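# Tertiary structure, described
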Amino acid sequence: MSASILVVEDEPAIQELVSYTCTTHGYQVRRADSVAAAQDAIRSELPDLVILDWMLPDRGGIDLLRDLRAQERTRTLPVIMLTAKSTETDRVVGLDAGADDYVVKPFSPRELVSRMRAVFRRRAPQHSGEAIAYGPLTIDPARHEVAVDGKPVKIGLAEFKLLKFLAGHPDRVFSRSQLLDSVWGDHVFIEERTVDVHVLRLRKALAPAGAQHLVQTVRGLGYRLSIRSDS
Ligand code: CA
């Protein structure tokens, strides 16, 4: 359930500090000490966020960032660059290459965590740990509760995860395979039809509160959560 972070850093002390910081804040951590190792880790399992050092032994972190942005599977993967480079030009290069944020060494663990949360809020609110509100819905990841107009709704775990993800990206249409990757984790071999089953269950869970219409089928494309009714 907790978000997974890939820490790409070759300096053992900093790798340890960043990993420890993430773990104590409830994130799952994997580590890589080179671009090649990071690519392997990402290939085997897509993380929810990458903390990426600028200077790595084999290639520059910025090269990896550009590669990630050029590929469909990793285009929107949140990335925070971690670096000793602090001049404005470097910052601009990093952000231009598609970094979501930029943390300059030395940094405090608290700063790193607050920046991670900010990136999650912006890019993947389902991992921010904060309640998501959309239309009549409130989803509280910490308490694992869903409410419609303030009234609690009974919901299963898979449906909760699906709703949390959709509510983090309202109005956006996701295909079944995108939902499988994002909600169940990629490389998880579940049939796409399973998504339809959970969508049906989600609507059923929301029906007593009259909110089932928010979970919408977009013909030929997939599903979305929306308060609009134009499709
Ligand atoms: Ca380094």
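Up top is the structure these notes are about.
Residues numbered from 1 in each chain as written. Predicted model: local features only at pLDDT ≥ 70, side-chain atom pairs only at ≥ 80, totals over all residues. Heavy atoms only, no water.

## Quick notes on the nonpolar core
Of all hydrophobic cores here, the largest spans 29 residues; its most connected members are Leu137, Leu179, Leu206 and Leu225. At the level of elements, strand E6 (132-134), strand E7 (137-140), strand E8 (145-148), helix H6 (157-168), helix H7 (176-184), helix H8 (193-206) and strand E11 (222-225) are the ones that each hand at least two residues to this core. It is H6 that provides the largest number of residues to this core, a total of seven residues. In contact with Leu225, not counting residues within four places along its chain, are Tyr134, Leu137, Leu163, Leu166, Ala167, Pro170, Asp171, Leu214 and Val215. (Core = buried A, V, L, I, M, F, W, Y, C linked by side-chain atoms within 4.5 Å. Buried < 20%, exposed > 50% of the residue type's maximum accessible area, 1.4 Å probe, protein only. Helix = DSSP H or I, 4+ residues; strand = E, 2+ residues; numbered from the N terminus. Contact = heavy atoms within 4.5 Å.)

## Examining the sheet that holds strand E2 (residues 28-32)
Two modes of strand pairing occur in sheets, parallel and antiparallel, and in both the strands are linked by backbone hydrogen bonds. Pairing is parallel across the open sheet formed by five strands, whose spatial order is E2-E1-E3-E4-E5. Only two strands of the sheet have a single partner each, and these edge strands are E2 and strand E5 (101-104). The average angle at which neighbouring strand axes cross in this sheet is 20 degrees, direction not considered. Pairing between strand E1 (residues 4-8) and strand E3 (residues 49-53): four bridges, direction parallel. Of the residues in E3, the one forming a bridge with Val8 is Leu52. Contacting E1, E2, E3 and strand E4 (79-83), helix H1 (residues 12-24) runs over the sheet at an angle of about 165 degrees to E2. (Pairing = 2+ DSSP bridges. Axes fitted to C-alpha atoms, helices over the stretch in contact; angles between N-to-C directions.)

## What about the environment of Glu111?
For Glu111, the location among the structural elements is in helix H5 (residues 109-123). Take Glu111: its relative accessible area is 28%, and that puts it in the partly exposed class. Residues Glu111 and Lys161, spaced 50 residues apart in sequence, show a C-alpha to C-alpha distance of 28 Å.

## Describing the sheet that holds strand E9 (residues 151-153)
Reading across from one edge, E6-E7-E8-E9 is the order of the four strands in this open sheet, with antiparallel pairing throughout. For this open sheet the edge positions go to E6 and E9, each flanked by a neighbour on one side alone. Each strand of the sheet is rotated relative to its neighbour by a mean of 25 degrees, with strand direction disregarded. The strands touched by H6 within the sheet are E6, E7 and E8, with E7 carrying the most contacts at an inclination of about 115 degrees.

## Considerations on the coordination of the calcium ion
For the calcium ion, the full set of protein donor atoms is Asp10 (OD), Asp53 (OD) and Met55 (O), at a range of 2.0 to 2.3 Å. Within one chain, the residues donating to the calcium ion are spaced in sequence as D-x42-D-x1-M. Within this pair, whereas Asp10 is found in the loop between E1 and H1, its partner Asp53 is found in strand E3, the two being separated by 43 residues in sequence. Residue Asp10 is classed as partly exposed on the basis of its relative accessible area of 30%. Classification of Asp53 as buried rests on a relative accessible area of 2%. (Donors = N, O, S within 2.8 Å, 3.2 Å for Na, K, Ca; no water.)

## Considerations on unusual backbone geometry
A cis amide bond, omega -5 degrees, links Lys105 with the succeeding residue Pro106. If you trace the backbone, Pro106 turns up in the loop between E5 and H5. Notably, His144 is not glycine yet its phi reads approximately 65 degrees, a positive angle. Even without being a glycine, Asp149 presents a positive backbone phi close to 50 degrees. Within the secondary structure, Asp149 sits in the loop between E8 and E9.

It is worth stressing that arrangement in space is one thing and function is another; only the former is reported here.
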